[in-house]
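For reference, the chains in residue letters:
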Amino acid sequence: MITVDSDGVTIAYETRGPATPERNAETVVFLEGLGYGRWMWRWQAAALSSRYEVVLLDNRGTGDSDAPDGPYSIAQMAADVDAVLSALDVDEAHVVGASMGGMIAQRYALDFDRTTSLSLLCTSHGGPEAVPTPPETKQRMFDVPDDADEREVIRYKMRPAMTDAFFESRDDLISRIVDWRLASDAPEHARTAQAEAVAAFDSSDELAALDIPTLILHGTEDRVLPVENGQLLADEIAEAADAAVVFEEYDGGSHLFFIEQAGAVNDRLATFLNNV
C-alpha cells in the first residue's frame, strides 16, 4: 500500500502486475462504489494483473485513505485519481468504474487527458433524466432493524445489491465480504459525503464530448441503479461523432454482478481492453 497527497488529502493505493520502470505494461485503474474499499475489485485485479499494471485505490473517505469532513464532490474524487496516476508517472490508462466509481470514471475522462478507454459498470450519468434507486431499496438501506449488530447491518443493507439466489447460497463469501467491509468501509460521515456527491452528479450534458472507446455493462436485475441507466448512458455517449460505445446487459445480473458473475465480466473486460 502506497499513499499520495491530493490537495491535502492522503489517498491510498496499490499496484499489481508486470509493470517495470520502462512501463512496458498498459495500466488499468479500478474505481469502486459508494463506501466500498479497494477489495471490491479483487476478482478483476487477479484476472487482469498478469497482462496489465492494475491500480487499485481507496476513494477519499474509504479504507486506508483519509476521511476528511465533507462536502465531497465527484470532481474531487476524479482529481484524487489523477494524483495517483501522476505519482505513478502513468500517461495513459484504461479506466474502469462501477456505481459511484463509474461516475468518477466519467468525470475523470472529461476533466483529464490520460484516459484511453472507459469501462462503466452498473452506473449512471446522474441528473434528472436518470432512473432513480427504487424506494424499496432506499428503505432497505436506511431502515435497519434496531437490534441488528454491526455485521447484520452490513448484510441487511447489502442484500438488494445481490441476487437472492447468490446471497442465500454463498454464505461463505458473504461472510468474507462482511469482514472486508468491516475493515475498510467509509465511516458514516464520509459515506454521507460520498452519497451527497453522487446525488449532485450530472454528466448528461457533457458526455457527447467523449470520443474514447467505451464499454458499458449493466445487470438486468439491478435493484440499486436500474438497468435503464446503462442504456441512457450509452445513448448520451453515442452522440459524440467519433464515439465507439458498446452497451451490454447481463441477464439476471444484480448491482454487484461483477462479483456474482466475475468470470464472465473478467473475460469481457479482457477482450475489450485487448482490442482497444
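Up top you'll find the structure we're talking about.
On a predicted model such as this, the values are computed, not experimentally measured, just so you know.

(A) Quick look at the sheet that holds strand S2 (residues 9-16). Strand order in the open sheet formed by eight strands is S1-S2-S4-S3-S5-S6-S7-S8, with mixed pairing between adjacent strands. Edge positions in the sheet fall to strand S1 (2-6) and strand S8 (245-250), since each of these pairs with one other strand and no more. The sheet shows a mean angle of 20° between the axes of neighbouring strands, taken without regard to direction. As defined by bridge partners, S2 adjoins strand S4 (residues 53-57) across four bridges and the pair is classed as antiparallel. Residue pairing in the sheet places Tyr13 in a bridge with Leu57 of S4.

(B) View of unusual backbone geometry. The omega angle of the peptide bond from Gly70 to Pro71 is 5°, so this bond is cis rather than trans. With respect to the secondary-structure elements, Pro71 resides in the loop between S4 and helix H2 (74-87). For Asp89, which is not glycine, the phi torsion reads 60° and is therefore positive. Mapped onto the elements of the fold, Asp89 is located in the loop between H2 and strand S5 (93-98). Among the residues examined, Asp89 registers a relative accessible area of 56% and is labelled exposed. Its identity as a non-glycine residue notwithstanding, Cys122 has a phi of 40°, on the positive side. On the secondary structure map, Cys122 appears in the loop between strand S6 (115-121) and helix H4 (135-142).

(C) Just a negative patch on the surface, in detail. Side chains of Asp143, Asp146, Asp147, Asp149, Glu150 and Glu152 sit close together on the surface and give a patch of like negative charge. With respect to the secondary-structure elements, Asp146 resides in the loop between H4 and helix H5 (150-158).

(D) Molecular detail of the packing of aromatic side chains. This model, assessed by the stated rule, comprises eight aromatic pairs. Measuring from centroid to centroid gives 5.6 Å for Trp39 and Trp180, while their planes differ by 35°, and the two rings are tilted. Taken as a pair, Trp39 in the loop between strand S3 (27-31) and helix H1 (42-48) and Trp180 in helix H7 (residues 171-184) lie far apart in primary sequence, 141 residues in all. When the ring of Tyr108 is compared with that of Phe112, the centres are 5.0 Å apart and the planes differ by 20°; the resulting orientation is stacked. According to the relative accessible area criterion, Tyr108 is buried, its value standing at 0%. Grouping aromatic residues by their ring pairs yields a cluster made of Phe30, Trp41, Tyr250, Phe257 and Phe258. It is Arg60 that lies over the ring of Tyr72; its NZ or CZ is 5.9 Å from the centre. Above the plane of the ring of Tyr156 lies Arg140, whose end atom (NZ or CZ) is 3.7 Å from the centre.

(E) Examining the pairing of S6 more closely. Counted residue by residue, S6 has six buried out of seven residues, so it is predominantly covered. For S5 and S6, the ladder comprises six bridges, and the chain directions are parallel. Of the residues in S6, the one forming a bridge with His94 is Ser117. Handedness of the crossover joining S5 and S6 through helix H3 (residues 100-111): right-handed. Direction of pairing for S6 relative to strand S7 (residues 214-219): parallel, over a ladder of four bridges.

Rules used throughout
- Residues numbered from 1 in each chain as written.
- Predicted model: local features only at pLDDT ≥ 70, side-chain atom pairs only at ≥ 80, totals over all residues.
- Heavy atoms only, no water.
- Pairing = 2+ DSSP bridges.
- Helix = DSSP H or I, 4+ residues; strand = E, 2+ residues; numbered from the N terminus.
- Axes fitted to C-alpha atoms, helices over the stretch in contact; angles between N-to-C directions.
- Buried < 20%, exposed > 50% of the residue type's maximum accessible area, 1.4 Å probe, protein only.
- Patch = residues over 30% accessible without salt bridge, like charges linked within 9 Å, V, L, I, M, F, W, Y side chains within 5 Å.
- Areas by Shrake-Rupley, 256 points an atom, 1.4 Å probe, with all protein chains shown as cover.
- Salt bridge = Lys/Arg side-chain N within 4 Å of Asp/Glu carboxyl O.
- Lys, Arg positive; Asp, Glu negative; His and termini not counted.
- Charge placed at Lys NZ, Arg CZ, Asp CG, Glu CD.
- Phe/Tyr/Trp six-rings, centres within 6.5 Å; stacked < 30°, edge-to-face > 60°.
- Lys NZ or Arg CZ within 6 Å of the ring centre and 35° of its normal.
- Right-handed = clockwise from strand over helix to strand, strands pointing away.

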